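Given next are the chains, with one letter for each unit.
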Amino acid sequence: MWVLIWAALLLSLTERTTCPMKAPAAAYKITFSPAEITPQTGLCAVIPCSFTHPDDFLAGIAIWLKCPDEQCSIKVETDSIFHSMNCSIAQEGYRRRVALLETDLTKKNCSMIINDITKTDDGDYKLRLSGTLNSGNISKFTYQTKLKMAVKALTQKPSVLTPPLTEGEPATLTCTAPGICSGTPPNITWTWRGTGDNITELRDNTTTQRREDLTSVTTTHFSTLTFTPSAEHHTTKVTCQVTFKGKISTEETVTLNVTHVKEPKISGSNTVREGDTLNLTCSVDSYPPPPSITWSKNGTTALEQNNSGLASLTISNMTRERAGEYVCKAQHLNRTLTASIVVTVMYHPVILNASGCVIQAKVMTCVCVSQGVPLPLIGWLNTEEYSLTKSVLRSSVNTTIRMHVGNHNNTTVECVSTNEVGRVREKLQVTQKESQGKQGEEVSKDILALLLNPPLIAAFVIGAACSSTICCIILCLTGKCKRCKVRIPKESDSKSPLTKLEMVACEDQQTNAGQAVRGDQTPLQVVLMGGAENTGPQTSGAAGNSAKGEEPKDVHYTTINYSQLKKTPEEAEKKTTTSESEYAKIKREKKKEGYEGGGEGSGVMDEEENENGKLAAETYDNTELYSNVKAIMGGE
């Protein structure tokens, strides 16, 4: 009986001691936002959490627990995944994977991060706080609200940043791993897929880095790839692969677009037969594609235009006039690109009208001129031995043959012209041409016929005689003449109206050994010649005669005083002493013997000249002499 009494008393005392330590359940509250999270394998899970507790409670330890079953009958020793004071209490698989985002519990932030999520992390999670009351007693409380975690397969991909790529300019690609986890750093690799199934891992020029984002437990991992793009990289694929712990990987593939341009390429046959269809295609390998591609002939006339990076040119029923250069023109950004092709139109050969044969001196020369594309070959029919010459000009060929024909005048020659398009033949026209010997014989016959014609001979003789007579007259009148002028000084007392006089001494070409013919001379000319003879020296006493076969070599002067024309011979002699007078040049023979001898012959000549001068003045009256002088001077 006493035992029962002591037991009841002890129980009441125990309740009295524990009841004051318990706080109302409403004072402990935890909030998860959201209440259920779905992290992906390989990444990390961030559990946002906040809590409240009584004011007289001071939290010191945070313990996260994972429910082992649906009833969540947890035990701290076996179900703990995180202990803020003793990490060894946590389960082995969660150690170093779980951390608080905020370690200061007074801020009432219980957010947690779990790195390297695996499928085994599925389940419900609870928070347990341990602390002290103001009374100094220890208090522990487990929040009954649970966080549900449903782990999904990894679907997130890396983020690949690609800048604008231009051929020849270095560029850097950046790959950022999914998640902001601080767990095991992922492995980031680059691979390049070229044409076909060729895959190349790019290890050079790559860099893997980490960046702290929010706190020390949130980190971003990224890798960079630096290279110089080319046209071969265009439309190729670059893959960034991220591998997390547990061989969980994800990747992202991007297609490279490299700005570039290559020279236009023309495809299709540039040789077509006349009447067929021409098909040409111009393509431009570039990015971005050219806005337009234009076809033109000789770069002037637009034929076709396309803006798809590919332009086709189709011309039906081609003719030889449409042959020539065709140009493809493309515009890419600020560049203009061109390519050209020469189109050849083939047509059958044609024998031109310049072809023919000529027979001369029993030798036949035949010329065959043919035109065609491709260049035709020329052959000959009805010919035996011959010599051949050939010349080519553009699409024309000229072939010449020479052969001996003998007495056969009815020879026919055929020219045959052939190329791969067709064949043509034509008989050449033969022309007879007389030889030069026969032509000379015919000319001789014509001359003989003229000589046997008396009227023609008489006319020829008369014409020759008339021509000779005219020539003689012209020769007589065209002697060598010289004119000289001397001005009469003012002191002269001559009152003659002729102040200037041009005298002409003509040397007759027909005189024998320089002797003048006086039969047709005017009186003045006789006087002038006489004066000249009197004043000039003579040879060997021969008055006025020159040696035979020699022509005059010197010029002598004579003085004429016109005052004597109107005065008596006595007055004229007195006036001849004037200092200046007009003179005429008279060519005379100069004999070395006459100058050196100087003897009696010279004296006789001087006397004869003086007598001749007086005789001239006495014979002709003044009026007639003046008239002759005026006639000679042309009315001066």
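Residues numbered from 1 in each chain as written. Predicted model: local features only at pLDDT ≥ 70, side-chain atom pairs only at ≥ 80, totals over all residues. Heavy atoms only, no water.

Considering all chains together, one arrives at six disulfides under this definition. Residue cysteine 67 pairs covalently with cysteine 72 via a disulfide, S to S 1.8 Å. Looking along the S-S bond of the cysteine 67-cysteine 72 disulfide, the torsion reads about -55°, which is the left-handed sense. Judged by relative accessible area, cysteine 67 falls into the buried class, the value being 9%. There is no disulfide at cysteine 471, and the cysteine sulfur nearest it, in cysteine 472, is 6.9 Å away. The partly exposed category is assigned to cysteine 471, whose relative accessible area is 44%. (Disulfide = S-S within 2.5 Å. Buried < 20%, exposed > 50% of the residue type's maximum accessible area, 1.4 Å probe, protein only.)

For the structure shown, the criterion picks out six aromatic pairs. Taking 6.2 Å as the distance between ring centres and 65° as the angle between the ring planes, the aromatic pair formed by tyrosine 28 and tyrosine 143 counts as edge-to-face. Of this pair, tyrosine 28 sits in the loop between α1 (2-18) and β1 (29-32) while tyrosine 143 sits in the loop between β10 (138-142) and β11 (147-149), and the two are 115 residues apart along the sequence. Here tyrosine 28 falls in the buried class, since its relative accessible area comes to 10%. Given a relative accessible area of 2%, tyrosine 143 falls into the buried group. Through a chain of ring-to-ring contacts, three or more aromatic side chains come together here, namely Tyr28, Phe51, Phe57, Phe141 and Tyr143. (Phe/Tyr/Trp six-rings, centres within 6.5 Å; stacked < 30°, edge-to-face > 60°. Helix = DSSP H or I, 4+ residues; strand = E, 2+ residues; numbered from the N terminus.)

Within the element layout of this structure, leucine 58 appears in strand β5 (residues 57-66). When neighbours within four sequence positions are excluded, leucine 58 is seen to be in contact with Gly131 and Thr132. (Contact = heavy atoms within 4.5 Å.)

Along the chain, threonine 145 falls in the loop between β10 and β11. The exposure class assigned to threonine 145 is partly exposed, which follows from its relative accessible area of 41%. Spatially, the C-alpha atom of threonine 145 lies 8.4 Å from that of leucine 127, the residues being 18 residues apart in sequence. Ignoring sequence-local partners within four residues, the contact set of threonine 145 consists of Ile30, Phe32, Tyr125 and Lys126.

This part takes up the nonpolar core. Ranked by size, the top nonpolar core spans 30 residues in total, and within it Ile30, Ile47, Trp64, Ile114, Leu127, Leu129 and Met149 carry the most contacts. Apart from residues no more than four positions distant in its own chain, isoleucine 114 is found in contact with Leu43, Cys44, Ala45, Ile47, Arg97, Val98, Asp121 and Met149. One finds Leu154, Trp190, Val242 and Val254 within the second-largest nonpolar core, a separate group that totals 23 residues. (Core = buried A, V, L, I, M, F, W, Y, C linked by side-chain atoms within 4.5 Å.)

Looking now at the pattern of salt bridges. Taken as a whole, this structure holds eight salt bridges when the rule is applied. Its salt-bridge partner being arginine 95, residue glutamate 92 comes within 2.9 Å of it at the nearest N-O pair. Take glutamate 92: its relative accessible area is 57%, and that puts it in the exposed class. We classify arginine 95 as partly exposed; its relative accessible area is 28%. In this structure, aspartate 121 engages arginine 97 in a salt bridge whose closest nitrogen and oxygen atoms are separated by 3.0 Å. On the criterion of sequence distance, the pair formed by aspartate 121 in the loop between β8 (112-114) and β9 (123-133) and arginine 97 in the loop between β6 (80-83) and β7 (98-100) is long-range, its members being 24 residues apart. (Salt bridge = Lys/Arg side-chain N within 4 Å of Asp/Glu carboxyl O.)

Right, let's talk about the sheet that holds strand β37 (residues 423-428) for a bit. The sheet built from three strands is open, its strands ordered β33-β36-β37 with antiparallel pairing. Pairing within the sheet leaves two strands with one partner each, and these edge strands are β33 (377-381) and β37. When strand polarity is set aside, the average angle formed by the axes of neighbouring strands in this sheet is 20°. Bridge analysis of β33 against strand β36 (residues 413-418) gives five bridges, and the strand direction is antiparallel. Of the residues in β36, the one forming a bridge with leucine 381 is glutamate 414. (Pairing = 2+ DSSP bridges. Axes fitted to C-alpha atoms, helices over the stretch in contact; angles between N-to-C directions.)

Once that is clear, we can look at the sheet that holds β8. Sheet architecture is open: three strands sit in the order β3-β8-β7, paired in antiparallel fashion. The open sheet is flanked by β3 (45-47) and β7, the only strands paired with a single partner. Direction aside, the axes of adjacent strands within the sheet are offset by 20° on average. Of the strand pairs in this sheet, β7 and β8 are connected by three bridges, and their pairing is antiparallel. Following the sheet pairing, alanine 99 is matched in β8 by isoleucine 113.

To continue, consider the confidence of the model for the protein chain. Per-residue pLDDT for the protein chain has a mean of 74; in total, 64% of the residues score no lower than 70. Across residues 480-559, confidence stays below pLDDT 50; counting only partners more than four residues off in sequence or on other chains, it has 160 contacts. Note on residues 562-570: pLDDT under 50 across the span, and 16 contacts to partners over four residues away in sequence or across chains. (pLDDT = per-residue confidence, 0-100.)

So, about unusual backbone geometry. Following serine 33, the chain continues to proline 34 via a peptide bond in cis, the omega torsion being 0°. Note that the residue after valine 373, namely proline 374, is joined by a cis bond; omega there is 0°. Summarising the element assignment, proline 374 is placed in the loop between β32 (363-373) and β33. In the Ramachandran plot, lysine 247 falls in the positive-phi region, its phi being about 60° despite a non-glycine side chain. Tracing the backbone through its elements, the reader meets lysine 247 in the loop between β19 (237-244) and β20 (248-255).

Residues Ile457, Phe460 and Val461 make up a contiguous nonpolar surface patch of about 310 Å² in total accessible area. Here phenylalanine 460 lies in helix α4 (residues 454-477). (Patch = residues over 30% accessible without salt bridge, like charges linked within 9 Å, V, L, I, M, F, W, Y side chains within 5 Å. Areas by Shrake-Rupley, 256 points an atom, 1.4 Å probe, with all protein chains shown as cover.)

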